Amino acid sequence: MNQKYKSMIYERVDLARKGETKTVISKMDTGWLVLGDNQNIPGYCVFLSDPVVENIHSLEINQRTKFMKEMTIAGEALQKAVGARLINYSILGNADIGLHVHIHPRYEWEDEKFKTKNPFKYYWENVEPIDFDYEKHKNLIIKIKTELERIYK
């Protein structure tokens, strides 16, 4: 990949490998499940490919299948851990090149102006961000990790 386009995904995976980020929930075979920096939707996670590749089609078909399977296992664990009504998955890569999936739990209690809309509307509407704080969110990480271990291992 052209160094000019190297994204923060590479940095995040590097930090996870070194154990230098508290957002990590779990290492899976094809990537890292981490809690998102913004927690306006409680439990928002990102699944980061490891090794980082440019996009889903950069993976061999068997690795692609495994990545997608693990992504949905992570989503199932998240849904069970937080009691979400459903899970939204987004693979974009427009701004942050490097395969990653946004995993947004969606809740019954969400405001109607957000409830049935794209989860990124929280950012577009300039809602005051609820930033990741390890002390505040560590129990959420433990809850998701526990559920993931129950399903995944």
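Refer to the structure printed above.
For every chain, the first residue of the written sequence is number 1, and numbering continues from 1 onward in sequence order. Since the coordinates come from a predicted model, pLDDT governs what is reported: local features require at least 70, and pairs of side-chain atoms require 80 or more to be given and counted, while whole-chain, interface and lining totals use all residues. Hydrogens and waters are ignored; side-chain quantities use all the structure's heavy atoms.

## Quick look at the sheet that holds strand E1 (residues 24-27)
Strands in a sheet are paired, the pairing made by backbone hydrogen bonds, and the direction either parallel or antiparallel.
Then comes step 1: Paired strands are those between which DSSP finds at least two bridges. A run of H or I in DSSP becomes a helix once it reaches four residues, and a run of E becomes a strand once it reaches two; helices and strands are each numbered from the N terminus. With antiparallel pairing, the 5 strands of this open sheet are ordered in space as E1-E2-E3-E5-E4. For this open sheet the edge positions go to E1 and strand E4 (86-90), each flanked by a neighbour on one side alone. Pairs of neighbouring strands in the sheet enclose a mean axial angle of 20°, with direction left out of account.
Then comes step 2: Judged from the 5 bridges that link them, strand E2 (residues 31-35) and strand E3 (residues 45-49) form a sheet pairing that is antiparallel. By the bridge assignment, Val34 is partnered in E3 with Val46.
Then comes step 3: By the convention used here, residues are in contact when the closest approach between their heavy atoms is within 4.5 Å. Orientation is described by axes fitted as lines to C-alpha atoms, over the contacting stretch for helices, and by angles from 0 to 180 degrees between their N-to-C directions. Seen against the sheet, helix H1 (residues 8-18) touches E1, E2, E3 and strand E5 (100-106) and runs at an angle of roughly 90° to E3.

## Observations regarding unusual backbone geometry
Then comes step 1: Geometrically, the link from Asp50 to Pro51 is a cis peptide bond, its omega value of 10° lying close to zero.
Then comes step 2: As for its position among the elements, Pro51 is in the loop between E3 and helix H2 (61-82).

## Some remarks on the pairing of E2
Then comes step 1: Only protein chains enter the calculation, and the probe is 1.4 Å; a residue is then buried if its accessible area is under 20% of its type maximum, exposed if over 50%, and partly exposed in between. Of all 5 residues making up E2, 5 are buried, and the element is well covered by its neighbours.
Then comes step 2: As paired elements, E1 and E2 share 3 bridges and run antiparallel to each other. Bridge pairing in E2 places Val24 opposite Val34.
Then comes step 3: Where E1 hands over to E2, the hairpin turn is made up of 3 residues, counted between the paired strands.

The values reported here are purely geometric and, on their own, carry no functional implication.
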